[in-house]
Amino acid sequence: MAQTTPNHTQTVSGWAAHDSSGKLTPYTFKRRENGPDDVTIDILYCGICHTDLHYAKNEWGITMYPVVPGHEMTGVISKVGSNVKKFKIGDRVGVGCIAASCLSCEFCQDSQENYCEKLQFTYNGIFWDGSITYGGYSKMFVSDQRYVVHIPESLPMDAAAPLLCAGITVFTPMKDMDLIHSPRKKVGVVGLGGLGHIAVKFGKAFGHHVTVISTSASKEKEAKERLGADEFIVSKDPQQMQRHRRTLDFVLDTVSAEHCIGPILELLKVNGTLSIVGAPDKPIQLPSFPLIFGKRTVKGSIIGGIQETQEMMDLCGKYNITSDIEVVKPDDINHAMERLTKNDVRYRFVIDIAQNNTKL
Ligand SMILES: NC(=O)c1ccc[n+]([C@@H]2O[C@H](COP(=O)([O-])OP(=O)(O)OC[C@H]3O[C@@H](n4cnc5c(N)ncnc54)[C@H](O)[C@@H]3O)[C@@H](O)[C@H]2O)c1
Ligand SMILES: [Zn+2]
Ligand SMILES: [Zn+2]
């Protein structure tokens, strides 16, 4: 356990799940001392990503309990190491999913640490010193400076927190498709949750025609009125799906549960691309006919590199894009998790970790 690592002497309070019930309880643990390349962050807010739920309940079968989830944290720097030049005490910063990478492979060299084979996550990872990583459902975090980004002054720290995972995860595949600068395209977003609603906002900010594809007809009004979506397809309605066949250039699938992507592929034009970012515990069903008849591509994408994350943050600062959030107190984490299980969130829970009542 991390507690036995020699320089892990800082006591931190947080919240951990201890078994597959996923129930979180207060948990005290140790973090490393602030090293020469580290910054220490007093955490203000942490988003609740669906991935936290997958881990808390061991849905992917890889959880090392006790797990302190949280990889959408914002806060203020309280200590900097002697090698740190980019950050100073008092800076408003954020940390997402990355705690460590090898620093020398082609992906690390190319600012694509997210594809490093030795990538270690903010929680449930193994840090360079062999300790298990603990995430942002805690009062304080120590991060290597390489994995920290600045939060633009114009963005509130609570609504900016989800950008650190949900935001970058949907930004990168759009950037890969050149959607940031391309002429107007027809973009589809499947699943209107934490990731999906930010994807709609990005799609609109970059000037595209955005269609939401959802199982819940009840989300149509707010998808259009609140998030600015142009069209809404109820995926359970075969007639609606049929009417929109071959209409979209690109579709992003953010669904957290097992589903068949055949009907979604049919919505793509010939040569269109479906990018999958959702991570259900069971395999996605991929029938070959809609793939071969439309020469379509299915690809995946995981979060983004740190340089890209800063680029996205700065763009969000410029376009004033944040997540729609519901702020909860730490005592309400379990209730929020239950609601997330039932898809009852508009659109991201954010834990008010510091509860200091100051809007930063
Ligand atoms: N690729 C990555 O880097 C990355 C990063 C973050 C999250 N994720 C994964 O993305 C998924 C979504 O995360 P989130 O935080 O947005 O979750 P969320 O719970 O906020 O949203 C998921 C959405 O999927 C919808 N949905 C659930 N079951 C469905 C079904 N059977 N059919 C259609 N829609 C369904 C829900 O209504 C909801 O709108 C999770 O699996 C998460 O682990 C991946
Ligand atoms: Zn996440
Ligand atoms: Zn690497």
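Residues numbered from 1 in each chain as written. Chains lettered and ligands numbered in written order. Predicted model: local features only at pLDDT ≥ 70, side-chain atom pairs only at ≥ 80, totals over all residues.

## Description of the overall build of the protein chain
Here is the rule: Counting from the N terminus, the helices are the DSSP runs of H or I reaching at least four residues and the strands are the DSSP runs of E reaching at least two. For the radius of gyration, the atom set is restricted to C-alpha positions; the globular benchmark scales as 2.2 Å times the number of residues to the power 0.38. Each residue is classified by how many other C-beta atoms fall within 10 Å of its C-beta atom, where C-beta atoms are placed from the backbone; a count of 20 or more means buried, 12 or fewer means exposed, and values in between mean partly exposed. By definition, residue pairs are in contact when their C-beta atoms, positioned from the backbone, come within 7 Å.
From N to C terminus, the protein chain includes eleven helices and 17 strands. At 20 Å, the protein chain has a C-alpha radius of gyration in line with the 21 Å of a compact globule built from 360 residues. On the principal axes, the C-alpha backbone points of the protein chain span a range of 60 × 40 × 40 Å. A total of 360 residues make up the protein chain; the buried ones form 46% of that total. Considering only contacts within the protein chain whose residues lie at least 6 apart along the sequence, 68% involve residues at least 24 apart.

## Description of the sheet that holds strand β13 (residues 248–253)
Rule in force here: Think of it this way: DSSP has to see at least two bridges between two strands before they count as a pair. In this description, a line fitted to the C-alpha atoms serves as the axis of each element, helices being fitted only across the stretch in contact, and the angle between N-to-C directions of two axes falls anywhere from 0 to 180 degrees.
Strand order in the open sheet formed by six strands is β12-β11-β10-β13-β14-β15, and the pairing between neighbours is parallel. Edge positions in the open sheet fall to β12 (231–234) and β15 (297–300), since each of these has one partner strand only. The sheet shows a mean angle of 20° between the axes of neighbouring strands, direction not considered. Pairing between strand β11 (residues 209–214) and β12: four bridges, direction parallel. Across the sheet, residue T211 finds its bridge partner in β12, namely E231. Seen against the sheet, helix α5 (residues 194–205) touches β10 (186–190), β11 and β13 and runs at an angle of roughly 170° to β10.

## Considering the domain arrangement of the protein chain
In plain terms, the rule: Boundary definitions for the domains trace back to an automatic or database domain assignment.
Partitioning the protein chain into domains gives domain 1 (2–165 + 323–352) and domain 2 (166–300). For domain 1 versus domain 2, the separation of C-alpha centres amounts to 28 Å. In this assembly, 18 residues from domain 1 lie in contact with eleven residues from domain 2. Element by element, the count of residues in the side of domain 1 that touches domain 2 is highest for helix α1 (residues 50–56), at three residues.

## Focus: the pairing of strand β5 (residues 92–95)
In the sheet, strand β4 (residues 73–80) pairs with β5 via four bridges, with the strands oriented antiparallel. Counted as the bridge partner of T74 is G94 from β5. Note: β5 against strand β9 (residues 148–150), three bridges, orientation antiparallel. Paired with V95 across the strands is V148, a residue of β9.

## Overview of unusual backbone geometry
Residue P66 is bonded to the preceding Y65 through a cis peptide linkage, with omega at -5°. For the peptide bond that leads from R346 to Y347, omega is -10°, which places it in the cis range. Its identity as a non-glycine residue notwithstanding, I303 has a phi of 25°, on the positive side. Note that I303 resides in the loop between β15 and α10 (306–319). Overall, I303 belongs to the buried group, with 26 C-beta atoms counted inside 10 Å. Even without being a glycine, N343 presents a positive backbone phi close to 60°. Position of N343 among the secondary structure elements: in the loop between α11 (333–341) and β17 (348–352). By the C-beta count within 10 Å, which is 16 here, N343 ends up partly exposed.

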